[in-house]
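Residues per chain are reported as follows:
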Amino acid sequence: MGHSPTQDAHDILTEAARVLILTGAGMSAPSGIPTFRGPDGMWHNFRPEELATPEAFARDPLLVWRWYGWRRELIAQCQPNAGHVALARWMSRHDGVTLVTQNVDGLHERAAKEIGSADPIRLHGSIFRVRCTECGTESGHQEAVDASTEDTLPRCEACGGLLRPAVVWFGEQLPFDALSQASDAAREADACLVIGTSGAVYPAAGLAHEAVSSGAPLIVVDPGETAYDGMADVRLVGSADEVVPEIVDELGARPSAAKAATPPCR
Ligand code: NAD
Ligand code: ZN
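Predicted, not measured: the structure shown is a model, and the values here were computed from it. (Residues numbered from 1 in each chain as written. Chains lettered and ligands numbered in written order. Predicted model: local features only at pLDDT ≥ 70, side-chain atom pairs only at ≥ 80, totals over all residues. Heavy atoms only, no water.)

The next point concerns the pattern of salt bridges. Note on pairing: side chains with opposite charge can pair once their charged atoms come close. For the structure on display, the rule yields eight salt bridges. The salt bridge involving E138 is made with R129; its shortest N-O contact spans 2.8 Å. For R129, a relative accessible area of 28% translates into the label partly exposed. One network of salt bridges, with partners in common, ties together D184, R187 and E210. (Salt bridge = Lys/Arg side-chain N within 4 Å of Asp/Glu carboxyl O. Buried < 20%, exposed > 50% of the residue type's maximum accessible area, 1.4 Å probe, protein only.)

Rendered as structure tokens:
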């Protein structure tokens, strides 16, 4: 182990052939997207837990769509931060890294597209996709939502049913394929890096526990306290956009990969 937490984290990640990264809302906080539990998480005095539920949508789809319309506009004005970019660059050099995100904002995807690295596994869907409440058809949906009345809300092209955001709400199941891929990566991981997530939202939070149970050292990046602090091998107390580049920028292809035919590309 080195002399500073940053060095320790760097050493753990250098040794690891397979790494599971789990990100939450704090990853995008430096991009200007509020976390649900942070001071800016409220919208018109509604708590996210009151709006991000199937019951809220059934009761008042207009209200819920207005909130999503506001969040979509906010997110569309934000850019991936130095942390998103550093992770995408690292993934482009090291194919043993699996990125799993709870975020619905698409910022990892935008960084990945820029760098040419793999997309994250999305546990909670995307705010820029919609799903039909009647026939279940899902599609991309970037356009502005007209939430002036219930009659102007977006409708399904196939059956005319009301469309909803294709995100996972509180109390809903996670997409099976995404969760099982993430779970496999957690069990195979030699190290686990958790960034900007309180560890309070299950089953996503359980992935870090799976990795640790399988023997992976745990590194936590967060400026505040999280449910993982007690089990963390290294805690890096700081903002994702500053801490993440510090620990991953110097990581190249792992030594065993360097021996293979393809040279590490930086
Ligand atoms: P959370 O709100 O429970 O926790 C956010 C964590 O981020 C906290 O531990 C906080 O201390 C930390 N944080 C705050 N600023 C940070 C920074 N600059 N750098 C690093 N960490 C920082 O979020 P959650 O656990 O992800 O759960 C809420 C759920 O709501 C998510 O699973 C997600 O689906 C959804 N959500 C998504 C977004 C998004 O897509 N950007 C935003 C809010 C909520
Ligand atoms: Zn439909």
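Across the sheet, which stays open at both edges, the three strands sit in the order β5-β4-β6 with antiparallel pairing between neighbours. Two strands close off the open sheet at either side, each with one partner strand: β5 (138–140) and β6 (163–167). Across this sheet, the average inter-strand angle for adjacent strands is 40°, counted without regard to direction. Lying over the sheet, helix α5 (residues 61–76) contacts β4 (125–132) and β6, oriented at roughly 145° with respect to β4. (Pairing = 2+ DSSP bridges. Helix = DSSP H or I, 4+ residues; strand = E, 2+ residues; numbered from the N terminus. Axes fitted to C-alpha atoms, helices over the stretch in contact; angles between N-to-C directions. Contact = heavy atoms within 4.5 Å.)

Moving on to the coordination of the zinc ion (ligand 2). Surrounding the zinc ion (ligand 2) are the protein donor atoms C132 (SG), C135 (SG), C156 (SG) and C159 (SG), at 2.2 to 2.4 Å. Around the zinc ion (ligand 2) sit four donor atoms; with metal-centred angles ranging over 98 to 118°, the donor geometry is tetrahedral. Motif for the zinc ion (ligand 2), donor spacing along one chain: C-x2-C-x20-C-x2-C. For C132, a relative accessible area of 4% gives the class buried. Look at C135 and you get partly exposed, because its relative accessible area is 40%. (Donors = N, O, S within 2.8 Å, 3.2 Å for Na, K, Ca; no water. Tetrahedral: all angles 85-135°; square planar, octahedral: opposite > 155°, others 65-115°.)

A few words now on the nonpolar core. In this structure, W65, Y68 and W169 are the most contacted members of the largest nonpolar core, which totals 29 residues. Every element with two or more residues in this core is listed here: α4 (54–59), α5, β4 and β6. For this core, the element with the highest residue contribution is α5, accounting for eight residues. Formed jointly, this core draws a minimum of three residues from each of two domains, domain 1 (1–33 + 80–124 + 174–266) and domain 2 (36–77 + 126–167). Once you skip the residues sitting within four places of it in the chain, Y68 turns out to touch A52, I127, P165, V167 and W169. Formed by 26 residues, the second largest nonpolar core is a distinct cluster that contains M91, L99, L193 and V221. (Core = buried A, V, L, I, M, F, W, Y, C linked by side-chain atoms within 4.5 Å. Domains from an automatic or database assignment.)

Put simply, Y202 and P203 share a cis peptide bond, and its omega is 5°. Here P203 lies in the loop between β7 (191–195) and α9 (206–213). Its identity as a non-glycine residue notwithstanding, H44 has a phi of 45°, on the positive side. Residue classification places H44 among the exposed residues on the basis of a relative accessible area of 61%. For N45, which is not glycine, the phi torsion reads 65° and is therefore positive. With respect to the secondary-structure elements, N45 resides in the loop between α2 (25–28) and α3 (48–51).

Assigned domains within the chain: domain 1 (1–33 + 80–124 + 174–266) and domain 2 (36–77 + 126–167). Taking the mean C-alpha position of each, domain 1 and domain 2 sit 29 Å from one another. In this complex, domain 1 contributes 10 residues to the contact, which on the side of domain 2 involves 10 residues. Buried area between domain 1 and domain 2, both sides added, is near 740 Å², and the carbon and sulfur share of it is 59%. Taken together, domain 1 and domain 2 are joined by zero salt bridges. The interface formed by domain 1 and domain 2 includes one residue pair in polar contact (both at pLDDT 80 or more). Tallied by class, residues from the side of domain 1 that touches domain 2 come to four nonpolar, three polar and three charged. (Buried area = accessible area lost by both parts, 1.4 Å probe. Polar contact = N/O pair within 3.5 Å; in protein donor to acceptor, adjacent residues only side chain to side chain. Nonpolar A, V, L, I, M, F, W, Y, C, P; charged D, E, K, R; others polar.)

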